[in-house]
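Here is how the chains run, residue by residue.
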Amino acid sequence: MTPRTEAELAELIAGAKQPMQVIGGGTRSAMAPRADILTSRGLSGISLYEPGSLTLVAQAGTALSDIEAALEAEGQCLPFEPVDHRGLLGTSGTPTIGGVFAANVSGPRRIQVGAARDFLLGVRFVDGSGRILKNGGRVMKNVTGYDLVKLMAGSKGRLGVLSEVALKVLPRTEVVCTLVIVGLDDAAAVRAMAQALGSPYEVSGAAHWPGQGTFLRIEGFAGSVAYRAEKLRGMLGGDIEQSVEVWPKIRDVSPFHGVAGDIWRLSVKPSDAPGIVARSGAEAALYDWGGGLVWLRMAPGTDLRTRIAGFQGHATLLRADEQTLARLPVEQPESPTIAALSAGIRAKFDPRGIFATDTDMIRAIVS
């Protein structure tokens, strides 16, 4: 089902008789569900773009490439660097701006500027009863009442289908360089990244690719970048490179593309990351966000959460075969208190259970 207007979207949801899976461009839908698929791709187009105000409004199904092209023409960008999951998950489709915010997809620059949700100013969406709801606006301001903007960011289609988003953008940086340090083990790399992020040199990316190096990005005006990069090199060593090619590879987890194995995404305390990786027995690892985000490639069928039992953080299973996905929860199980709150919120926005989750779909496929 591909509605072309918000009113048509509301009518489809109000008349739904069975659960449906909500997708944007289908880039994070690695499996074919046994349910109706509702896609926002028909809701496309930039409604408003004011470069001087650094704001943009677009329908949720607008291709991310169209958004980025419009911003590029004005020397602006999406500062949170949304991840392209297609290579990692082996999917096709076209990333959409609604999908980015529905999944709160954020790349390496999150450590400096924040996540995708921090740039979302306003939303329009249709809930599980077919009601059209609006929250937020087109400027940053103090929120009164319920902040549904933040609630919808990262909700993954469980509370409603985004029809329109208003967001803040930023100017593109003039110069980018990367300090590359080779030869550090995981623990030493995390310490170096912490030192860099704690320095006054405004590091906008801090990643460790075992076997390749530890990468620290500095951006801004040419003179400032040159000064800060030299100071950082004096503190940590390494070589300064002008190439930016490594950052899209880190953002999209390119080392795991086309390689067999289950893919896990861990959000942990950076200083805990090397020990967790060592305990995991992972076949390969990639550290981002100074060690706060860890991607692991595991042997098929591995129950990672049991193997690293007692860790503080979240472990999400992004890629595995159907049998493993049926046996292991995709997302980190919530505590009873949080689970009750989540269920209560979902019941308010989707009382009929129309919006099926990824787990619902997996269970349906293998049952």
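Rules behind the numbers
- Residues numbered from 1 in each chain as written.
- Predicted model: local features only at pLDDT ≥ 70, side-chain atom pairs only at ≥ 80, totals over all residues.
- Heavy atoms only, no water.
- Helix = DSSP H or I, 4+ residues; strand = E, 2+ residues; numbered from the N terminus.
- Contact = heavy atoms within 4.5 Å.
- pLDDT = per-residue confidence, 0-100.
- Phe/Tyr/Trp six-rings, centres within 6.5 Å; stacked < 30°, edge-to-face > 60°.
- Buried < 20%, exposed > 50% of the residue type's maximum accessible area, 1.4 Å probe, protein only.

Considering the side chain of Asp288
Now for step 1: Note that Asp288 resides in strand S15 (residues 284-288).
Now for step 2: Excluding anything up to four places from it in sequence, Asp288 contacts Pro108, Ala206, Ala207, Ile250 and Leu293.

Let's talk about the confidence of the model for the chain
Now for step 1: Scored by pLDDT, the chain comes out at a mean of 90, with 93% of its residues at no less than 70.
Now for step 2: The low-confidence segment residues 140-145, where pLDDT is below 50, has three contacts with residues more than four positions distant or belonging to other chains.
Now for step 3: In the model, residues 359-367 has pLDDT below 50 throughout and makes 23 contacts with residues more than four positions away in sequence or in other chains.

Quick word on the packing of aromatic side chains
Now for step 1: A full pass over the atoms with the stated rule returns three aromatic pairs.
Now for step 2: Taken together, a centroid distance of 5.7 Å and an interplanar angle of 55 degrees make the contact between Phe80 and Phe101 tilted. In this pair, Phe80 is assigned in the loop between strand S5 (76-77) and helix H3 (86-89) and Phe101 in helix H4 (residues 97-102), connecting sequence segments 21 residues apart.
Now for step 3: Assessed through its relative accessible area of 0%, Phe80 is described here as buried.
Now for step 4: Classification of Phe101 as buried rests on a relative accessible area of 0%.
Now for step 5: Note on Phe80 and Phe119: the rings are 5.7 Å apart at their centroids and 40 degrees apart in plane angle, and the pair reads as tilted. Residue Phe80 is found in the loop between S5 and H3, and its partner Phe119 is found in the loop between helix H5 (110-113) and strand S6 (120-127); the two are separated by 39 residues along the sequence. Here Phe80 matches Phe119 in class, with each residue buried.
Now for step 6: Cluster of aromatic residues (ring-pair linked, three or more members): Phe80, Phe101 and Phe119.

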